[in-house]
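# Coordinates in review
Residues per chain, in single letters:
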Number of protein chains: 2
Amino acid sequence: MISKSQIKLITSLKQKKYRAIEGLFVAEGPKVIAELIASNMELHSHFSSEINAVENDKTHKITATELKKISFLTTANKSLALFEIPQISEVNKSGLTVVLDAIRDPGNLGTIIRLCDWFGVEQLVCSLDTVDCYNPKVIQATMGSIARVNVHYIDVSAFIKNTELPVYGGVMNGNSIYNEALPADAIVVLGNEANGISKVIMEQLTHRITIPQFGKSQETDSLNVATATAVLLSEFRRTTGM
Amino acid sequence: MISKSQIKLITSLKQKKYRAIEGLFVAEGPKVIAELIASNMELHSHFSSEINAVENDKTHKITATELKKISFLTTANKSLALFEIPQISEVNKSGLTVVLDAIRDPGNLGTIIRLCDWFGVEQLVCSLDTVDCYNPKVIQATMGSIARVNVHYIDVSAFIKNTELPVYGGVMNGNSIYNEALPADAIVVLGNEANGISKVIMEQLTHRITIPQFGKSQETDSLNVATATAVLLSEFRRTTGM
């Protein structure tokens, strides 16, 4: 059973504005919900149409029809939960930090958060025009990794200005990533899907790095930003072993 | 102006069955269409609602409303073209070949084709239950790379049985990819999004390789198959320089 006010609340959370007001975000499907609970994300409420899903005192049994009504997915997946948006921790000044400059695609951001989790990057700094990490599509793509990566939305240019770490940027005509002596403490900047790193940030880079292209044809215009992030983080971790 | 029979033909190409019968596939948007033409894909017909798009004797001017009717995209993008599905070349027995075992997500296959193009992998062998590479969603995700990678749909197990090359498979508990002496001529197998490499193929692998996990938590269950492909291909190319 689900009330009209609950439906209204859930529906409102599709919008960033209401996620900020309510301090809540939506996750769907037993697997993602279970991962978020296991990672100590604070569960607000849980709506499930199946008995064998995650169950606790915040679980409301609902029908498949009710679930379909509140789900943001094309095909509703057994359960939907609301979680509290965690308090933002302080920005950390050491270690490896990934900086995103205007990433717009929720799937790309979700994949990058998952990559940060895999490669032990605990901090992700996003420009204010990067897609919101509590966007439902991002949450579904992160597969629970959102709970283990601190995501900050700040003025990226000011953040870089205040760091003493080397600032690497993924660009089209930089030095080969394979030939760089990469440090364990660094900032790695990835840019917008269509336009790359913005002019202001480009001028703040201390190192311009590129993933060499091996294809015979030089027509492939660029790697997808998430796959480029995969290769860059792999190289940082491979060479520093951190 | 577009005829009823043209609309019927285009709509039918959403299905693999009719793509096989007609020998045609659909690409949308000026950028993807221009890339495919530049890569010598045979243009069958071209429907455009804008003057400044690619134009030739196969171009039919249509209205935005007509385009919306034939487009497979949520938001139609100025033009739609039909291309001939190219003749399948012979399977090549040397070089680096990527083998996909039951990849189901069109976005993943499209990203992997783009990665093959970037890293100069000219041959992609797909199991018969892998999503069709002429699926409209795959075509949109490849960004034209489909023209530069030979994609074969064959019995993967038989293909591996007949090769003399080492067969590497991306698995959860194999040897670190960073410690392997990787050859220039090899087969690299990636498995299904949910279940990984199937049992039959797993037994045919000569080398089980893994991308090391650096996160503190061991809860990330796996890398997305496309980002894993990015790291593996990068390592093969970095170490062999081919």
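Definitions and cut-offs
- Residues numbered from 1 in each chain as written.
- Chains lettered and ligands numbered in written order.
- Predicted model: local features only at pLDDT ≥ 70, side-chain atom pairs only at ≥ 80, totals over all residues.
- Heavy atoms only, no water.
- UniProt positions renumbered as here; feature names shortened; annotations may be inferred.
- Least-squares fit on C-alpha atoms with pLDDT ≥ 70 in both.
- Contact = heavy atoms within 4.5 Å.
- Pairing = 2+ DSSP bridges.
- Helix = DSSP H or I, 4+ residues; strand = E, 2+ residues; numbered from the N terminus.
- Axes fitted to C-alpha atoms, helices over the stretch in contact; angles between N-to-C directions.
- Buried area = accessible area lost by both parts, 1.4 Å probe.
- Salt bridge = Lys/Arg side-chain N within 4 Å of Asp/Glu carboxyl O.
- Polar contact = N/O pair within 3.5 Å; in protein donor to acceptor, adjacent residues only side chain to side chain.
- Nonpolar A, V, L, I, M, F, W, Y, C, P; charged D, E, K, R; others polar.
- Core = buried A, V, L, I, M, F, W, Y, C linked by side-chain atoms within 4.5 Å.
- Buried < 20%, exposed > 50% of the residue type's maximum accessible area, 1.4 Å probe, protein only.

Identification of chain A as RNA methyltransferase from Patiriisocius marinistellae is taken from an unreviewed UniProt entry. Under the UniProt heading Sequence similarities (unreviewed entry), the note attached to chain A is "Belongs to the class IV-like SAM-binding methyltransferase superfamily. RNA methyltransferase TrmH family."

Right, let's talk about the relation of the copies chain A and chain B for a bit. For the pair chain A and chain B, the best superposition has an RMSD of 0.0 Å and corresponds to a rotation of 180° with a translation of 0.0 Å parallel to the axis. Each copy turns onto its partner about a two-fold axis. By residue overlap, the copies meet face to face through one surface: 100% of the interface positions of chain A are interface positions in chain B.

By definition, the strands of a sheet pair up through backbone hydrogen bonds, in either a parallel or an antiparallel sense. All names here are of chain B. Spatial ordering of the open sheet is given by E1-E4-E2-E3, a layout of four strands whose pairing is mixed. Both edges of this open sheet fall to strand E1 (24-28) and strand E3 (59-61), since each of them pairs with a single strand only. Direction aside, neighbouring strands of the sheet carry axes that sit 20° apart on average. Of the strand pairs in this sheet, E1 and strand E4 (residues 79-84) are connected by five bridges, and their pairing is antiparallel. Bridge pairing in E4 links Leu24 to Glu84. Sitting on the sheet, helix H3 (residues 30-38) is in contact with E1, strand E2 (43-48) and E4, with an inclination near 25° to E4.

Contact residues are listed per partner, giving 39 residues for chain A and 39 residues for chain B. Between chain A and chain B lies a buried interface of about 3300 Å² when both sides are counted; carbon and sulfur atoms form 59% of it. Applying the counting rule to chain A against chain B returns two salt bridges. For Arg238 of chain A, the salt bridge goes to Glu235 of chain B, with nearest N and O atoms at 3.7 Å. The tally of links from chain A across to chain B stands at eight residue pairs in polar contact (both at pLDDT 80 or more). Of all elements in the fold, only helix H3 (30-38), helix H5 (106-118) and helix H9 (225-240) of chain A reach the threshold of two or more residues within the side of chain A that touches chain B. When residues of the side of chain A that touches chain B are assigned to their parent elements, the largest contribution, eight residues, is made by H9 of chain A. Looking at the side of chain A that touches chain B residue by residue, the class counts come to 14 nonpolar, 13 polar and twelve charged.

So, about the sheet that holds strand E10 (residues 207-210) of chain A. All names here are of chain A. Taken in spatial order, the six strands make up an open sheet running E7-E6-E5-E9-E8-E10, and their pairing is parallel. Each of the sheet's edge strands pairs with one partner strand only, and the pair in question is strand E7 (150-153) and E10. Along the sheet, successive strands turn relative to each other by an average axial angle of 35°, direction set aside. Two strands pair when backbone bridges link them, and strand E8 (residues 167-176) and E10 are joined in this way by five bridges, in the parallel orientation. Bridging from a neighbouring strand, Ser176 pairs with Thr210 of E10. Packing against the sheet, H9 makes contact with strand E5 (96-101), E8, strand E9 (186-191) and E10, and its axis sits at approximately 165° to E9.

Let's shift gears to the side chain of Asn224 of chain B. Structurally, Asn224 of chain B is set in the loop between strand E10 (207-210) and helix H9 (225-240). Polar side-chain contacts of Asn224 of chain B include one of 3.3 Å to the side chain of Asn108 of chain B. Within the local environment of Asn224 of chain B, its side chain forms a polar contact with the backbone nitrogen of Ala226 of chain B, the two atoms lying 2.7 Å apart. Beyond its immediate sequence surroundings of up to four residues, Asn224 of chain B is in contact with Arg114 of chain A together with Asn108 of chain B.

Below, the discussion takes up the pattern of salt bridges. In the structure shown here, the tally under the stated rule is 14 salt bridges over all chains. Taken together, the shared-partner salt bridges connect Glu235 and Arg238 of chain A together with Glu235 and Arg238 of chain B into one network.

Glancing now at the nonpolar core. Nonpolar side chains in soluble globular proteins generally cluster together in the buried interior. In terms of nonpolar packing, the biggest core is built from 98 residues, with Leu124 and Ile211 of chain A together with Leu109, Leu124 and Ile211 of chain B touching the most fellow members. Here Leu109 of chain B is in contact with Leu100, Ile103, Leu124, Cys126, Thr130, Val131, Asp132, Cys133, Val138 and Tyr153 of chain B, once residues within four sequence places are set aside.

This part takes up the pairing of E2 of chain B. All names here are of chain B. For E2, a buried count of five out of six residues is recorded, marking the element as mostly surrounded by other parts of the structure. Taken together, the five bridges between E2 and E4 define a ladder with antiparallel strand orientation. For His46, the partnering residue across the bridge sits in E4 and is Ala81. In this sheet, E3 lies alongside E2 in parallel orientation, the contact comprising three bridges. Within E3, the residue paired with His46 across the bridge is Thr59.

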